[in-house]
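Working through the structure, step by step
The primary structure of each chain is shown beneath.
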Amino acid sequence: MLTAIKSATLRGVLGYPVTVEIHISPGIGGFSVVGLPGAACREAQDRVRAALQSCGLSWPRGRITVNLAPSGERKEGAGLDLAIAVGLLVMEKKIRRKAVQDWGFIAELGLDGSLRRVPGTLNLVEAAKCSTVVVAPDAYPEASLVKHCDIRIAHNLAELVAFINGSREFPQPPALPPPTPPPIADLADIKGQRTVRHALEITAAGGHHMLMVGAPGAGKTMLAHRMVGLLPLLDHDTALEATRVHSAAGLPLPKSGIISYPPLRAPHHTMSATSLVGGGSGAVRPGEISAAHGGVLFLDELGEFSSVVLDTLRQPVEEGVVRVSRASGTFVFPARILLLAAMNPCPCGELGSPGSCRCTMADRARYTRRVSGPLLDRFDLRVLVPRPSMQELIDASPGESTEVVRERVLKAREIAGQRGVLCNAELSDFQLEEEAVLTEGAKVKLAEAIQKQRLSARGYRRVRCVALTIQDLTGRRGAIEAKCISQALALRAEPFVDFNADLLAS
Amino acid sequence: MTDFDNSPLSIGPNQGQMSNALNLPTQSKPSNGAHLGHLLALLSLPQMGPSRLTKLLSGTSAQDIWHFFQQGDIKGVGTSVGLPLGERELLSSECQVLAKQAEVSEKQMLKWCRLSRQLQPEEKLSAYMEQQVSVAELSSPSYPKRLYDDIEPPAILFWKGNLNVLENHPTAAIVGTRSCSNYGREVAFELGQSLAASGVAVVSGLALGIDTAAHKGVLSANKAPPVGVVGSGLNMIYPKSNRVLWEEVASKGLLLSETPLDIAPERWRFPARNRVIAALADVVVIVESMEKGGALFTAEEAAQRGKPVFAVPGPIRSPASYGTNRLLAEGCMPLCDVNDVLVALGIPTSNALKVSESQATELSLEKQKLLEAFGWQPAGLDQLVERSGMSLSDVAVYLEELQSSGHIIRRGLWYERGSQK
């Protein structure tokens, strides 16, 4: 007496297919789950038993063995509940075996027999590779993203049995609403700050990482929260990747099922390295950096993060993926992000106006040490966000709106698209050499900058790349002009200088 | 070099009559050495400041005091000093008198007595010899005259370098805030340079900011020697980042302190140090000071001693000039030119440099406009764009050019006006 039902379980953000095998041998009643079930999986017995009874269905007699194949992989979560229940119903001959051949079942069961969504349903439906998959109604939007797969929904077990046996029709899934933009404040709210707004525009257009340094209350956080509004919609692949991560991490998904607007993640500075890059004991979850895939990771109060946490950012920011290695294997999470960070110039925030800063040199050194040189080097734009003056605050004329700036950003991204990349920051060294041709004046400027020891080799490439974006934003094509280089250099300041260091005598 | 002797081991002019001073490496008579050793040992006791030491020393020699201390705590039955009934530690009658004289509690005196048996005065002395630190007490002939005549002279003085500097040169103190503006830093540097070039020994506190800039100016002139007065022991460099300057001042001029070796800078020692600066200087210049800066204390001390005090005027919006401007409002003399100091010192001004030699360079209209956008505070890129009304790309280009012509200085995220006018 044996039945096999298809389902899937999560491993990192990816699902892998699982076959739930059920065997019932005559004898004293018993229930055991084998095949490395996790704690939630092992508890399936109680949930399934109650669900069956609540729906007026009988529990099979005899000794029940449930095997989750492949048996060598650990299974986490309660997503196999429905498959176990269906398997038992087949054994009890409540469902015809043939009817559920090549069907997949992915849902958790409530004690009342209701079907519930499990995290990562999208990824699980993809992995199950079945012609028809049954999911909980609230999981339908994301499940429907999988092509060439018939998604069916049922509210509870009793309904499901009726649907499968043909006594009732499967309900028509609800029509999905079109994607709606998340509520993002408009850039027009920000008065003054022309340079910083311009830097934001360059960041959005070129995908360059940006560090904002400024006194408390200058508006760094306000600016950062308006950043995502400038970015273009995600392309289909990136949107799917982002949706997979959000689904697997158990983060809420939009009503339309797919994340089509670039996400903004702004974790608090007390976060751990694991919560940033992903990991965890038991099930390995994607971290904040992957949750920001395709969008913006905003680190407010950069100087308050632990330096260990910050340094884990270096590799993902460079490669666009996070590799988390555990004893159970290596997990690769997508992490193509735009890194935006904000911090004060010193612990009291008043550095830059002599006589106002109350910090000792040791205080300042401690604060800036958190941000390592290599991490700092990855910020292509480092700008000062000064407190707006009284005049600017009183002045009622609003700045440019998000819509206007976004228009320019999209044009610049279009030009980047003609180079075969999403944005200029993704250009390889070889492509940069081809695309970012320098005028004679620009060459002189860059040579000067290198001579004054202001630029590393990486810095040189980044300045060139930012200058290319600046030129793209003006709509001009051709070789990069000297003034674009000047601007790129002016926006790439060394943020931590010793104000007491004497430049006069050396 | 005629103006000063470069040797750190030189001995004062009244070397022959030296009786109570230790000058290194030639050590005077052993009895004097012993006396100094005891004095240093007394100073190294905890809670023993200069004023307590002076009170103790009035009428009793250091050796005798040390002798009393060593036999000061006697065991017996008597009045309570915080111990349970029975056997008690008591002070000898001599130490009771000393405690009253120094205005310390008997408990404190007992502590000193106990400690005194663990310390070796001879070892103290050799530590100073090893570190080439000279010592003089108030009564010794090598004690500098400038300080001896002061209303509040240090009881004991430690120094590295050449004490003759104080006799051979007129002196001017240049002091100011640690968190200074670029303007203050440059003025201090130029003042130090010009004064040293005119043969004035510049006295300063070797703190960050103005003090450091002034001494760097002095060293760049390479003429009159620098005089540094510090608040910590001469082997406790503070701030640590000033190590090179500290050592250079000691080797090219004079490094003074009234704090014994191994004593870290303590809060109360800085005002005391400022008093010594005021006592040593013929003229005091405050370059920049905050509302409640320590430099104002120096000005007060100098005024008490009837010495001319100059304050460098600054913009009223700069917090770093708040104190100096307040001084000016209260009637302090403004410093407009280095000649003001030279006149006050009675030095001919003909060959003196001006504080700032402006080299008028032709600037385009746009650059002038951009320069006008600079306040007296460091300004960020955004502020410059906002104030000048120019586009970011123009500002970026002009800033680079102004930077290479020295009109402005870039300090990370900020830009400041440079020395070019």
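Above this note sits the structure.
Let me begin by describing the structure that accompanies this report. Just so you know, these numbers come straight off a predicted model, no measurement behind them.

Examining the overall build of chain B
Each helix and strand counted, chain B has 18 helices and 14 strands in total. Residue burial in chain B is summarised as follows: out of 421 residues, 56% are buried. Long-range pairs, those at least 24 residues apart, make up 68% of the contacts in chain B with a sequence separation of at least 6. Counting every atom, chain B has about 17,900 Å² of accessible surface; 51% of that belongs to carbon and sulfur.

What about the packing of helix α3 (residues 81–91) of chain A against helix α6 (residues 157–164) of chain A?
Residue and element names in this part refer to chain A. As a packed pair, α3 and α6 sit with axes 12 Å apart at the nearest point and diverge in direction by 55°. Regarding the angle of α3 to α6, the classification is oblique. In this structure, α3 crosses over α6, and the sense of that crossing is right-handed. Packed against α3, whose contacting residues are Leu82, Ala85, Val86 and Leu89, the element α6 presents Leu157, Leu160 and Val161 at the interface. Per-class residue counts for the contact of α3 with α6 are seven nonpolar, no polar and no charged.

A short note on the environment of Ile202 of chain A
Residues and elements named next belong to chain A. Checked against the element boundaries, Ile202 lands in helix α7 (residues 194–206). Between the alpha carbons of Ile202 and Val66 there is a distance of 57 Å; along the sequence they are 136 residues apart. If we ignore the near neighbours within four places in the chain, the residues touching Ile202 are Gly207, His208, Leu381, Val466, Thr469, Ile470, Leu473 and Leu491.

A few points about the pattern of salt bridges
Oppositely charged side chains can form a pair if their charged atoms are brought close together. Taken as a whole, this structure holds 40 salt bridges over all chains when the rule is applied. A salt bridge links Arg461 of chain A to Asp429 of chain A, with the nearest nitrogen and oxygen atoms 3.2 Å apart. Of the two residues, Arg461 of chain A is situated in helix α20 (residues 457–474) and Asp429 of chain A in helix α18 (residues 429–435); the sequence distance between them amounts to 32 residues. The salt bridge involving Arg275 of chain B is made with Glu258 of chain B; its shortest N-O contact spans 3.2 Å. On the criterion of sequence distance, the pair formed by Arg275 of chain B in helix α12 (residues 269–280) and Glu258 of chain B in the loop between β8 (254–257) and α12 is long-range, its members being 17 residues apart. As far as the burial class goes, Arg275 of chain B and Glu258 of chain B line up, both buried.

Looking at unusual backbone geometry
Following Ala69 of chain A, the chain continues to Pro70 of chain A via a peptide bond in cis, the omega torsion being 0°. Of note, Pro70 of chain A is situated in the loop between β4 (63–69) and α3. Look at Glu301 of chain A: it is not a glycine, yet its phi comes out positive at around 60°. Residue placement: Glu301 of chain A occurs in the loop between β14 (296–300) and α12 (307–311). The phi torsion at Asn222 of chain B lies on the positive side, around 55°, for a residue other than glycine. Its place among the elements puts Asn222 of chain B in the loop between α10 (210–221) and β7 (226–230).

Parameters at a glance
- Residues numbered from 1 in each chain as written.
- Chains lettered and ligands numbered in written order.
- Predicted model: local features only at pLDDT ≥ 70, side-chain atom pairs only at ≥ 80, totals over all residues.
- Heavy atoms only, no water.
- Helix = DSSP H or I, 4+ residues; strand = E, 2+ residues; numbered from the N terminus.
- Buried < 20%, exposed > 50% of the residue type's maximum accessible area, 1.4 Å probe, protein only.
- Contact = heavy atoms within 4.5 Å.
- Areas by Shrake-Rupley, 256 points an atom, 1.4 Å probe, with all protein chains shown as cover.
- Axes fitted to C-alpha atoms, helices over the stretch in contact; angles between N-to-C directions.
- Parallel < 35°, antiparallel > 145°, perpendicular 65-115°, else oblique.
- Left-handed = near helix turned anticlockwise from the far one by under 90°.
- Nonpolar A, V, L, I, M, F, W, Y, C, P; charged D, E, K, R; others polar.
- Salt bridge = Lys/Arg side-chain N within 4 Å of Asp/Glu carboxyl O.

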